[in-house]
Amino acid sequence: MRLYPRALDDLDRALALGLNPEGEADACSARALALAGLGRHEEAAAAMEAALLLAPGSPLTRERADRLRR
């Protein structure tokens, strides 16, 4: 659990750089998993929804969405 805050910081910095849609989806879906790991489930769901809207066909995003639903 101690790595989730650091991961969120890194992902927020990456998102601030202005990624392409697939990169943004990857970062958002990773952010969703980190948020869920911190027990911030509503924020995690919103981040995953954003990721799925950005890249609905991304296998990585779909895999992470499945992991979040478990």
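The structure under discussion appears in the preceding block.
Peer 1: Teacher, can you tell me more about helix H4 (residues 59-69) here?
Peer 2: Residues three or four positions apart in an α-helix share a direction because the helix packs 3.6 residues into each turn. Buried within H4 we find Thr 61, Arg 64 and Ala 65. For H4, the angular spread of buried residues about the axis comes to 105 degrees, placing them on one side. Buried residues along H4 sit in contact with helix H2 (21-37) and helix H3 (41-54).

Peer 1: Looking at this model, I keep getting lost on the side chain of Arg 64. Mind explaining?
Peer 2: If you trace the backbone, Arg 64 turns up in helix H4. No salt bridge is formed by the buried Arg 64. Its closest oppositely charged neighbour is Asp 26, at 4.9 Å.

Peer 1: In this structure, what is going on with the environment of Gly 39? I would like to understand it.
Peer 2: For Gly 39, the position within the fold is in the loop between H2 and H3. Residues Gly 39 and Leu 11, spaced 28 residues apart in sequence, show a C-alpha to C-alpha distance of 17 Å.

Peer 1: What is the right way to read the nonpolar core from this model?
Peer 2: One recurring pattern in soluble globular proteins is that nonpolar side chains are buried together. Judged by nonpolar contacts, the single largest core of 14 residues is most densely connected at Leu 35, Met 48 and Ala 51. Taken together, the elements giving at least two residues each to this core come down to H2 and H3. Ranked by residues supplied to this core, first place goes to H2 with 6 residues.

Peer 1: Honestly, the environment of Asp 12 in this entry has me stumped. Any pointers?
Peer 2: Assignment of secondary structure puts Asp 12 in helix H1 (residues 4-16). With 15 residues separating them in the primary sequence, Asp 12 and Ala 27 have C-alpha atoms 8.3 Å apart. Among the polar contacts made by the side chain of Asp 12, one reaches the side chain of Arg 31 at a distance of 2.7 Å.

Thresholds applied
- Residues numbered from 1 in each chain as written.
- Predicted model: local features only at pLDDT ≥ 70, side-chain atom pairs only at ≥ 80, totals over all residues.
- Heavy atoms only, no water.
- Buried < 20%, exposed > 50% of the residue type's maximum accessible area, 1.4 Å probe, protein only.
- Helix = DSSP H or I, 4+ residues; strand = E, 2+ residues; numbered from the N terminus.
- Arc of directions from axis to C-beta.
- Contact = heavy atoms within 4.5 Å.
- Lys, Arg positive; Asp, Glu negative; His and termini not counted.
- Salt bridge = Lys/Arg side-chain N within 4 Å of Asp/Glu carboxyl O.
- Core = buried A, V, L, I, M, F, W, Y, C linked by side-chain atoms within 4.5 Å.
- Polar contact = N/O pair within 3.5 Å; in protein donor to acceptor, adjacent residues only side chain to side chain.

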